[in-house]
Amino acid sequence: MEEKAKKSTFSSQFGFVMAAAGSAVGVGNLWRFPYLAAKDGGGLFLLIYLVPVLTFGFTLLVSDIAIGRKTKKSAIHAYEEMNRKWRALGVVTFLVPVLIMTYYAVIGGWITKYLTVYLMGAADAAAEDGYFTSFISSSVSPVVFALFFMGLTALIVYHGVEKGIERVSKFLMPILLVIVVVIAVFSLTLTNTDDTGVTRTGLQGLTFYLKPSLEGITAQRFLQILLDAMSQLFFSLSVSMGIMITYGSYVKPQVNLSKSINQIEFFDTFVALLSGMMIIPAVYVFSGTEGMSAGPSLMFISLPKVFHAMGGVGVLIGTAFFLTAAFATLTSCISVLESIVANCMDLFHASRKRVTLVLTIIYMAASAVITLGYSVFYLEVKLPNGTVGQLLDIMDYISNSVMMPFISLFSCILIGWVVGPKWISDEMESSGHPFKRKRLYNIMIKYIAPVMMLILALQSIGVLNAFLS
């Protein structure tokens, strides 16, 4: 069973790209990217974001995928094979998805709940004040939906790489793209006149989204926008959490990694940009610029109100949106669980099915506890970034804001200064295809990325903010 598991591969380059893109395109693309774009000056954020995507994001994505294919191992053993003294980095990297998995199915359950509400014709209820708070503070309903989503994720991972993950990703991702394009185009056709007689259109909302705003810009403000863009990369590209190392280990030797990585970058960035085009014009039409400040509550509080304001067609658009969100969250949740399963298979020399079953039980229990963090186990903890969080927020903060920047930092040091960039570039060219951005990669991994990762890491734990203020 162990030998069979090691030979698991994606059947094609397309299958790998769709699975990796499915991991990258998650719930962060659908609410966090539009929220940050609206908060950080629209087109200004977009311009600043594209630079890190094509440099830092590219560097981290290349590193993870190349490490995976070259070692044919998951994070823990992959880093150990690179340098035995750096095994601890692999362990810490493995712990990121371990923490994320405790709450990702919870968010998936929330989205599934809203999708169910829209499918059952009860969309008006979702637009009412207090609906979301009432739902997540219940001690039964959110647990049921979280367990369902966790079970569905586990079922797909249980069936393996080619028959489970690849098959589902190749089916869901093209559908997701089509739905996002359709809703984005529809958002541009919207128009609404509010109670004060002010008329707003979707095209005006698109201008708000794309036009760079330099109002109130300072050096400190610019740095914050840059850090927001950098942090979005971790949400968006699934780097520095071992997922792409695991997926890279399933890629066949003859696959053109440079081309695949370019396609993953394009797909993820294209969906992120379309998500902003899908959400920001619609929110602008019915809520004005005030609706843009909703932040994380944008998906579950602001958007249902927008869909309600659209009238009858809003039910169809709301259904399509939450279906898209469900697909995106499912493919990302699959990748998180798969990373944990792959590492555990290596650690315990156990079969995929046995490991998946055990982890399903563990994470069903963990999901239930995290879900009840808004009711039975409710608590408030002040985090170093100044926010107050519950159990879900604590897990998210530790994994995304603390661990991932430091993992990226030490990964850059390992590749740039210990094993050398050639260790990665040789793998990128091992299939006989050129690594066209090799020079950029070498400069980024040795000099620029470590400095930026250090700044982001200090910002994530509150040290930089304290210094700037």
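Above this text sits the structure in question.
This is a predicted model, so every value here is computed, not measured.

Trainee: So what about empty space enclosed by the protein? Which residues, and what values?
Mentor: Following the criterion strictly, the structure yields four cavities of 30 Å³ or more and no others. The calculated volume of the second largest cavity comes to roughly 60 Å³. Forming the boundary of the second largest cavity are Ile183, Phe186, Ser187, Met278, Ile279, Ala282, Leu303, Phe307, Met310, Ile317 and Phe321. Put simply, the parts of the chain that give the lining of the second largest cavity at least two residues each are helix 10 (161-188), helix 14 (257-287), helix 15 (302-309) and helix 16 (312-348). For the lining of the second largest cavity, a count of residues per class yields 10 nonpolar, one polar and no charged.

Trainee: So what's going on with the nonpolar core? Residues and values would help.
Mentor: By size, the foremost hydrophobic cluster in this structure holds 161 residues, and its most contacted members are Trp110 and Met299. The residues contacting methionine 299, other than those within four sequence positions of it, are Val27, Leu30, Trp31, Ile111, Pro304, Phe321, Phe322 and Ala325.

Trainee: Run through the packing of aromatic side chains, naming residues and quoting values.
Mentor: Evaluation of the coordinates by the stated rule reveals 26 aromatic pairs. Note on tyrosine 114 and tyrosine 131: the rings are 5.8 Å apart at their centroids and 85° apart in plane angle, and the pair reads as edge-to-face. Taken as a pair, tyrosine 114 in helix 6 (residues 87-119) and tyrosine 131 in helix 8 (residues 131-136) lie far apart in primary sequence, 17 residues in all. Accessibility expressed as a relative area gives 0% for tyrosine 114, which makes it buried. Judged by its relative accessible area of 19%, tyrosine 131 falls in the buried class.

Trainee: Any details on a nonpolar patch on the surface? Residues and values, ideally.
Mentor: On the surface, a nonpolar cluster with roughly 480 Å² of combined accessible area is contributed by Trp417, Val418, Ile443, Tyr447 and Ile448. Mapped onto the nonpolar patch, the elements with two or more residues apiece are helix 18 (391-419) and helix 20 (438-460). Among the elements that line the nonpolar patch, the one with the most residues is helix 20, at three residues. Tracing the chain through its elements places isoleucine 448 in helix 20.

Trainee: Describe the packing of helix 12 (residues 219-237) against helix 20, and please don't skip the residues or the numbers.
Mentor: Direction vectors running N to C along helix 12 and helix 20 enclose 95°, while the axes themselves pass 11 Å from each other. Comparing their axes, helix 20 and helix 12 come out roughly perpendicular. Residues Gln224, Leu226, Leu227, Met230, Ser231 and Phe234 of helix 12 form the contact with helix 20, whose participating residues are Met452, Met453, Ile455, Leu456 and Gln459. Considered class by class, the residues forming the contact of helix 12 with helix 20 number eight nonpolar, three polar and no charged.

Trainee: I'd like to hear about the pattern of salt bridges, residue by residue, with values.
Mentor: Applying the stated criterion across every chain, the model contains 13 salt bridges. The salt bridge partner of arginine 352 is glutamate 338, with a shortest N-O separation of 2.7 Å. Within this pair, whereas arginine 352 is found in helix 17 (residues 352-371), its partner glutamate 338 is found in helix 16, the two being separated by 14 residues in sequence. On the basis of relative accessible area, glutamate 338 is assigned to the buried category, the value being 0%. Within this structure, Lys39, Asp40, Arg221 and Asp228 form a network of salt bridges that share partners.

Trainee: Could you give an account of the environment of isoleucine 407, with specific residues and numbers?
Mentor: Secondary-structure assignment places isoleucine 407 in helix 18. The class for isoleucine 407 is buried, based on a relative accessible area of 1%. For the pair isoleucine 407 and threonine 93, spaced 314 residues apart in sequence, the C-alpha to C-alpha distance is 6.6 Å. What isoleucine 407 contacts, discounting residues up to four positions off in sequence, is Leu89, Val92, Thr93, Val96 and Ser240.

Trainee: Go over unusual backbone geometry with me, naming the residues and quoting the values.
Mentor: Within the chain, serine 238 stands out as a residue other than glycine whose phi angle is a positive 60°. The residue serine 238 is located in the loop between helix 12 and helix 13 (243-248) in this model. Accessibility expressed as a relative area gives 4% for serine 238, which makes it buried. The residue histidine 349 is not glycine, and still its phi comes out positive at about 50°. Take histidine 349: it is sitting in the loop between helix 16 and helix 17. On the basis of relative accessible area, histidine 349 is assigned to the exposed category, the value being 53%.

About the cut-offs
Residues numbered from 1 in each chain as written. Predicted model: local features only at pLDDT ≥ 70, side-chain atom pairs only at ≥ 80, totals over all residues. Heavy atoms only, no water. 1 Å grid on protein atoms, 1.4 Å probe; cavity = no way out; pocket = protein on both sides within 12 Å on 5 of 7 lines; lining within 4 Å. Points joined across faces, edges and corners; volume = space filled by probe spheres on them. Helix = DSSP H or I, 4+ residues; strand = E, 2+ residues; numbered from the N terminus. Nonpolar A, V, L, I, M, F, W, Y, C, P; charged D, E, K, R; others polar. Core = buried A, V, L, I, M, F, W, Y, C linked by side-chain atoms within 4.5 Å. Buried < 20%, exposed > 50% of the residue type's maximum accessible area, 1.4 Å probe, protein only. Contact = heavy atoms within 4.5 Å. Phe/Tyr/Trp six-rings, centres within 6.5 Å; stacked < 30°, edge-to-face > 60°. Patch = residues over 30% accessible without salt bridge, like charges linked within 9 Å, V, L, I, M, F, W, Y side chains within 5 Å. Areas by Shrake-Rupley, 256 points an atom, 1.4 Å probe, with all protein chains shown as cover. Salt bridge = Lys/Arg side-chain N within 4 Å of Asp/Glu carboxyl O. Axes fitted to C-alpha atoms, helices over the stretch in contact; angles between N-to-C directions. Parallel < 35°, antiparallel > 145°, perpendicular 65-115°, else oblique.

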